[in-house]
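Here's the letter readout for the chains.
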Amino acid sequence: MSTTKKGISPPHIKDVFSCVMDEARDPQVLYRGPAYIGLVRLITFNGRLPFHHGLASLTHYQANMVMMLIGREDIRLYQTDDPHYALCNVLVTHSQFGKVTLLKRPEAIIEENTIIIGGLTIIQAILDSLDNECLPLEVMENKEQKEAQTLLQAWETSGILRNKVEQLMDWVEHVESVYVYIGQTVFARSDAGGTTLNNKSDGIFRKLLEYPLDQWTQAEKIFVIGFHCLFLTGRSIRFEEFNGRQLSLLELRRWLIQKYHIYSQITEQEITEDLLKMPLLMLAENVGQRAENVDTSGWMRFRRINGLTFVKKEYLFPPDKIAHAVTALPDTLVLLSNELGTTLENEPLQSVETLTRDAFHHFRATGSSDYIHRIIEAIVFSAVREADADYGMSSSFRIPHRLQGSSEQRISGALSLSKQEFYCCVLPHPHLVDQLPMEHVHRILYSSALRMEFNRWHFIVGNYSREEIPLNRHYYFPPRMPDIAEWSDLRHGGHSGARVRYSIRVPGAPLWKTPFMAFEHPYRGCYDIRLVRIEGPAFDRRELQIAACHANIMDAFWKTLQQCIEGYGITTPVITAYTKEWYETLQWKEAIQTQMVRNYFAETEGVQK
């Protein structure tokens, strides 16, 4: 492993998120210096969240207040038992999930499960300046809200408002997490962060369905319009762009205009419309159309994820910063091709296709999937080594033939798949095996495999239209964009158990490639490359490039294998490894300790056999 890494620490004993909260609330820091130091500490979870992300969780008024306090040495944060607290005109509160709020007295309302961190005394001159700063934003937001009100009234008059809410309920149900702020209201559906978006008696959706429009709050109206707009730009995963952030209609328009401009510049499409006057829904639809063109332009869209707030924000890399092409075949595959007797091509991905066909024909001749397994393992292990990850994985289906539907129902094959009909190959870096007890390594690998099999089952039917999917079949929209995540183990039980602090995921078929085709139906998010680090440093662009390269290789493998399976009518299981027994009997050791891998170490790093 990299020399910048420390030795792997023992498994967590105390809830990690609670430790982070205690650290951020450290009174020795919050109350001994200027208020802005303590506020920045709270907003960023003591530096774990970028400041601009933390600031985005505040309303415009609150964010401007924090900015005006930066550098002010004379304004302090006072604890509730301090004599100065009684004179404070602004309260600072902190929710159980880390949300900071600044509330003016005396109208301050303290939310449930929220503690008062302390108080601030803000002079009238600063408050007046705040009003001046925020007034133009309020005027523009009011304009957007009036237009939204007109649209909602039109939906109500035409009798489709209830359908719009039910549609939104369905969209929210099929994305991993929603945790958005609109003013002081939290719109959430999350296992870790609580749920307000449900149809229970106290749920937001119940109210929206049962009450007329004139009894909705302003925040609820913004939610309905805002989420409909976000969905049009790229389905439910776009909701996650605003996780941990304030959603206002003005902020939404700003975000849409920025996306529209960027996508238009990348794809060299003209902008002829007045985007400030264009209705939000129309603007959102245009953004969604132009986003698809970016993926074939040579640019890479990817998301940065922060596990503290569940935010999943889209970023872009230009072609000169990250290349899609595979320039060389990994040595692990070269050595495997020598063993199988495969003649390699000049182009790396063509070599992968040839190697896959040879492994398939060996399977047909002998009934053994060994070489097919070893291709998967060689790709995963190469990615782990090159990216200096602690472990990595790839998952997909065991019996590709089972994707075939019927003439009456093309989705019937995908619907009939059980969780056990998916696999996940998880391989550790040899150094992880050296540094952790074997029972911990086994728990990490097998728990990761089980979670990925479950996820793959969740994703597969999301490749079909909503009308084809039964209402009682739960699913998530399959991931499409690559992502880089940090602090993933702080609020996600599965990630905490598998020690997933930093990760990279590149779904397949990659967005810059054609979809994976199985029995004439296109799929995304049905295989992938995932890389994990238990501790720092966080992954960066270099490792994303490595993961993308190996995802391209896995894509070539799967597309070729599927062509062979359909061409020869194979109906039996093709992937038989990576079972509970495979992990319990430590068969993964073969993949990282065979002569092939030892030779690879010796040739590339001078390691002794």
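Note that this is a predicted model, so its numbers are computed, not measured.

Lay out the overall build of the protein with the relevant residues and their values.
Along the protein, the regular secondary structure elements total 22 helices and 15 strands. If you line up the protein on its principal axes, its C-alpha atoms span 80 × 60 × 45 Å. Taking all 609 residues of the protein together, 56% fall into the buried category. Partitioning the contacts of the protein with sequence separation of at least 6, the portion at a separation of at least 24 is 70%.

Any chance you could break down helix α5 (residues 60-69) for me, citing the residues and the numbers?
Listing the buried residues of α5 in full gives Y61, Q62, A63, M65, V66 and L69. Where α5 is buried, its residues contact α3 (35-43), α4 (51-55), β1 (90-95), β2 (100-104), β3 (114-120) and α6 (124-157).

Which residues make up the side chain of D489, and what values go with them?
Relative to the assigned elements, D489 resides in the loop between β11 (483-486) and α18 (493-497). When its relative accessible area of 2% is taken as the criterion, D489 is described as buried. Within the local environment of D489, its side chain forms a polar contact with the side chain of R501, the two groups lying 3.1 Å apart.

Go over the sheet that holds strand β5 (residues 185-190), please, and point to the residues and values.
With antiparallel pairing, the three strands of this open sheet are ordered in space as β4-β5-β6. Because the sheet does not close on itself, it has two edges, and the strands there are β4 (178-182) and β6 (194-195). Relative to β5, β4 is paired through five bridges, and the arrangement is antiparallel. Among the inter-strand pairings, Y181 is bridged to a residue of β5, identified as V186. Against the sheet, helix α9 (residues 218-232) contacts β4 and β5, and its axis sits at roughly 130 degrees relative to β4.

Now, about the packing of aromatic side chains: what can you tell me, with residues and values included?
For any pair of aromatic rings, the description rests on two quantities: the centre-to-centre distance and the angle between the ring planes. For the coordinates displayed, the defined rule picks out 31 aromatic pairs. Between the aromatic rings of F97 and Y179, the centroid separation amounts to 5.9 Å while the plane-to-plane angle is 80 degrees, which identifies the pairing as edge-to-face. Residue F97 is located in the loop between β1 and β2, and its partner Y179 is located in strand β4; the two are separated by 82 residues in the primary sequence. Y179 shares its class with F97; the two are buried. Ring centres of Y446 and Y583 lie 5.8 Å apart, and the angle between their planes is 45 degrees; on these two criteria the pair is classed as tilted. Of this pair, Y446 sits in helix α17 (residues 438-460) while Y583 is found in helix α20 (residues 580-584), placing the two residues 137 residues apart along the sequence. Under the relative-accessibility criterion, Y446 is labelled buried at 17%. Among the aromatic residues, those joined into a ring-pair cluster are F397, F422, Y464, F516, Y523, Y527, F557 and W558. Against the face of Y181 rests K99, its NZ or CZ located 5.0 Å from the ring centre. Across the ring face of W457, the terminal group of K419 is positioned such that the distance to the ring centre comes to 3.9 Å.

Provide a residue-level description of α3, including the pertinent values.
The α-helix winds at 3.6 residues per turn, so residues separated by three or four positions along the chain end up facing the same way. Of all nine residues in α3, seven are buried; the element is thus mostly enclosed. Where α3 ends, the next residue or the one after it, F45, has phi of about 55 degrees, a positive value.

Give a description of the confidence of the model for the protein that names residues and reports values.
On average, residues of the protein score 91 in pLDDT, and 94% of them are at 70 or above. The least confident element of the protein, judged by mean pLDDT, is helix α22 (residues 595-605) at 53; the most confident is α9 at 98. Under a pLDDT of 50 for its full length, residues 1-6 has, in the predicted model, 16 contacts with residues more than four places off or in other chains. Counted against residues more than four places away or in other chains, residues 10-14, with its pLDDT under 50, gives ten contacts.

Kindly report on the packing of α6 against α9, identifying the contributing residues and their values.
Relative orientation of the contacting elements α6 and α9 amounts to 80 degrees, with a least axis distance of 10 Å. If you check the angle between α6 and α9, you find them roughly perpendicular. Counted together, E141, Q145, A148, Q149, L151, L152 and W155 of α6 and Q218, K221, I222, V224, I225 and H228 of α9 form the full contact between these two elements. Along the lines of polarity and charge, the residues of the contact of α6 with α9 split into seven nonpolar, four polar and two charged.

An account of the nonpolar core is requested, with residue identities and associated values reported.
Ranked by internal contacts, the top residues of the largest apolar core, which has 154 residues, are F223, F227, F239, Y391, F516, L531 and F557. Among the elements that make up this core, the one with the highest residue count is helix α19 (residues 541-568) (14 residues). Residues within four places of L531 in sequence aside, it is in contact with A383, V384, A387, A389, Y391, G392, Y502, S503, I504, F539 and A547. Y31, L58, L102 and I117 belong to the second-largest nonpolar core, a separate cluster that totals 28 residues.

A description of unusual backbone geometry should follow, citing residues and the corresponding values.
A cis amide bond links G508 with the next residue in sequence, A509, at an omega value of 0 degrees. Of note, A509 is situated in the loop between β12 (502-508) and β13 (516-518). Cis geometry is adopted by the peptide bond preceding P537, which originates at G536 and carries an omega value of 5 degrees. Tracing the backbone through its elements, the reader meets P537 in the loop between β15 (527-533) and α19.

So what's going on with the packing of helix α13 (residues 348-366) against helix α14 (residues 370-387)? Which residues, and what values?
Running from N to C, α13 and α14 cross one another at 150 degrees; their axes reach a closest spacing of 7 Å. Between α13 and α14, the angle is such that the two are roughly antiparallel. Where α13 abuts α14, its residues L355, T356, A359, F360, H362 and F363 lie against Y371, I372 and I375. Split into classes, the residues belonging to the contact of α13 with α14 amount to seven nonpolar, two polar and no charged.

So what about the pattern of salt bridges? Which residues, and what values?
Taken as a whole, this structure holds 29 salt bridges when the rule is applied. A salt bridge links E339 to R374, with the nearest nitrogen and oxygen atoms 2.7 Å apart. On the criterion of sequence distance, the pair formed by E339 in helix α12 (residues 331-340) and R374 in helix α14 is long-range, its members being 35 residues apart. We classify E339 as partly exposed; its relative accessible area is 43%.

Summarise the pairing of β5; cite the residues concerned and give the values.
The antiparallel hairpin formed by β4 and β5 contains two residues in its connecting segment, where G183 sits at a positive phi of about 65 degrees. Direction of pairing for β5 relative to β6: antiparallel, over a ladder of two bridges. What sits directly across from S190, in β6, is G194.

Before we move on, can you summarise the sheet that holds strand β10 (residues 422-428) with the specific residues and values?
With mixed pairing, the seven strands of this open sheet are ordered in space as β8-β7-β11-β12-β15-β9-β10. Bordering the open sheet on either side are β8 (311-317) and β10, each of which pairs with just one other strand. Here the strands of the sheet are splayed against their neighbours by 20 degrees on average, with no regard to which way each runs. Here strand β9 (residues 391-397) pairs with β15 via three bridges, running antiparallel. Looking at the pairing, Y391 lines up with V532 of β15.

Reading the values: rules and limits
Residues numbered from 1 in each chain as written. Predicted model: local features only at pLDDT ≥ 70, side-chain atom pairs only at ≥ 80, totals over all residues. Heavy atoms only, no water. Helix = DSSP H or I, 4+ residues; strand = E, 2+ residues; numbered from the N terminus. Buried < 20%, exposed > 50% of the residue type's maximum accessible area, 1.4 Å probe, protein only. Contact = heavy atoms within 4.5 Å. Polar contact = N/O pair within 3.5 Å; in protein donor to acceptor, adjacent residues only side chain to side chain. Pairing = 2+ DSSP bridges. Axes fitted to C-alpha atoms, helices over the stretch in contact; angles between N-to-C directions. Phe/Tyr/Trp six-rings, centres within 6.5 Å; stacked < 30°, edge-to-face > 60°. Lys NZ or Arg CZ within 6 Å of the ring centre and 35° of its normal. pLDDT = per-residue confidence, 0-100. Parallel < 35°, antiparallel > 145°, perpendicular 65-115°, else oblique. Nonpolar A, V, L, I, M, F, W, Y, C, P; charged D, E, K, R; others polar. Core = buried A, V, L, I, M, F, W, Y, C linked by side-chain atoms within 4.5 Å. Salt bridge = Lys/Arg side-chain N within 4 Å of Asp/Glu carboxyl O.

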